[in-house]
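Survey of secondary and tertiary structure
Given next are the chains, with one letter for each unit.
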Amino acid sequence: NTSPHELYQALEKRVVGQDLAKKRLSIAVYEHIRNIINEDATEKQNILFLGPSGSGKTLIVNTISSHLEVPFVSGDATSFSPTGFQGSDADSCITDLLIKSNGETSLAEKGVVFIDEIDKLASSHNSATRLESFHYSTQSTLLKLIEGKKVKINPNALGEQTTFPYIVDTSRILFCFGGAFNHLEKIVAKKLGLSEGSIGFRKDNKSEYENQIKNYEIYNNA
């Protein structure tokens, strides 16, 4: 029985500023809840937060999750690995969601997952190093998870001795991602024909660059 306005008001009580992010998240979470109620709905909601450290990405998601009646888990993209051999498997966030749901797969399938530091999996060098191929495989695993797949979970993870695995369908889970995406503004500014530094006496270009950075115009163009 909630509305985007109620979710926004809940965020307003705890989060100062970040108006656009609060509005977008309120609408996306409302649509996620509506899709859960309407079982015929096939629309998939996922959210990506871009912003430097300390801008409130985690706080916004944690605040909204406390007002939801669905399970919520958060993780760190840098802790994931493609196979789980080094670090945890990308599917581990679904296992955590199932534990939060007390083993109820139907409840876990309605949950919210927040994964931070997603930009650390990106590679801009294309030098085919071992670490890059490792991150590329992790990206592929996460992508399948986001698009929707059936994840098999060992009952031992929940401390149960049964032989049948739990199967969780991720196609309706709301995934939220956060990342600082450092230097993204420089890449976008370059494509817009703006540059940070300039040689000579004319400073028009630089002041325009700085104005656009301050007003988040370059981020919006991204």
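In short, a report on the structure. No experiment lies behind these values; they were computed from the predicted model shown.

**Observations regarding helix α4 (residues 92-100)**
Burial in α4 covers these residues: Cys93, Ile94, Thr95, Leu97 and Leu98. Backbone geometry just downstream of α4 places Asn102 in the positive-phi region, at approximately 55 degrees.

**Some points on the side chain of Asp91**
Tracing the chain through its elements places Asp91 in the loop between β4 (88-89) and α4. Contact partners of Asp91, with chain neighbours within four places excluded, come to Leu145, Lys149 and Val151.

**A closer look at the sheet that holds strand β2 (residues 72-76)**
The parallel open sheet is built from four strands, whose spatial order is β1-β8-β5-β2. The open sheet terminates on both sides in strands that have one partner only, identified here as β1 (46-50) and β2. The sheet shows a mean angle of 15 degrees between the axes of neighbouring strands, direction not considered. Against the sheet, helix α2 (residues 19-37) engages β1, β5 (112-116) and β8 (174-179), with an angle of about 165 degrees to β1. The sheet contacts of α4 involve β2, β5 and β8, and relative to β2 the element is tilted by about 155 degrees.

**Points about empty space enclosed by the protein**
Taken as a whole and assessed by the stated rule, the structure comprises one cavity of 30 Å³ or more. The space that makes up the largest cavity amounts to roughly 60 Å³. Lining the largest cavity are His32, Asn35, Ile36, Glu43, Lys44, Gln45, Ser171, Arg172 and Ile173. Residue composition of the lining of the largest cavity, grouped by class: two nonpolar, four polar and three charged.

**A closer look at the nonpolar core**
If you look at the biggest cluster of nonpolar residues, it comprises 23 residues, and the most contacted ones within it are Ile94, Val113, Ile115, Leu142 and Phe175. Of all the elements in the fold, those that place two or more residues in this core are α4, β5, α6 (130-147), β6 (150-153), β7 (166-169) and β8. Broken down by element, this core gets its largest block of residues, four residues, from α4. If sequence neighbours within four positions are ignored, Val113 has contacts with Val73, Cys93, Leu97, Ile173, Leu174, Phe175 and Cys176. Counting residues in hydrophobic clusters, the runner-up holds 19 residues, among them Leu11, Val29, Ile36 and Val112.

About the cut-offs
- Residues numbered from 1 in each chain as written.
- Predicted model: local features only at pLDDT ≥ 70, side-chain atom pairs only at ≥ 80, totals over all residues.
- Heavy atoms only, no water.
- Buried < 20%, exposed > 50% of the residue type's maximum accessible area, 1.4 Å probe, protein only.
- Helix = DSSP H or I, 4+ residues; strand = E, 2+ residues; numbered from the N terminus.
- Contact = heavy atoms within 4.5 Å.
- Pairing = 2+ DSSP bridges.
- Axes fitted to C-alpha atoms, helices over the stretch in contact; angles between N-to-C directions.
- 1 Å grid on protein atoms, 1.4 Å probe; cavity = no way out; pocket = protein on both sides within 12 Å on 5 of 7 lines; lining within 4 Å.
- Points joined across faces, edges and corners; volume = space filled by probe spheres on them.
- Nonpolar A, V, L, I, M, F, W, Y, C, P; charged D, E, K, R; others polar.
- Core = buried A, V, L, I, M, F, W, Y, C linked by side-chain atoms within 4.5 Å.

Shape descriptors only; they carry no functional weight alone.
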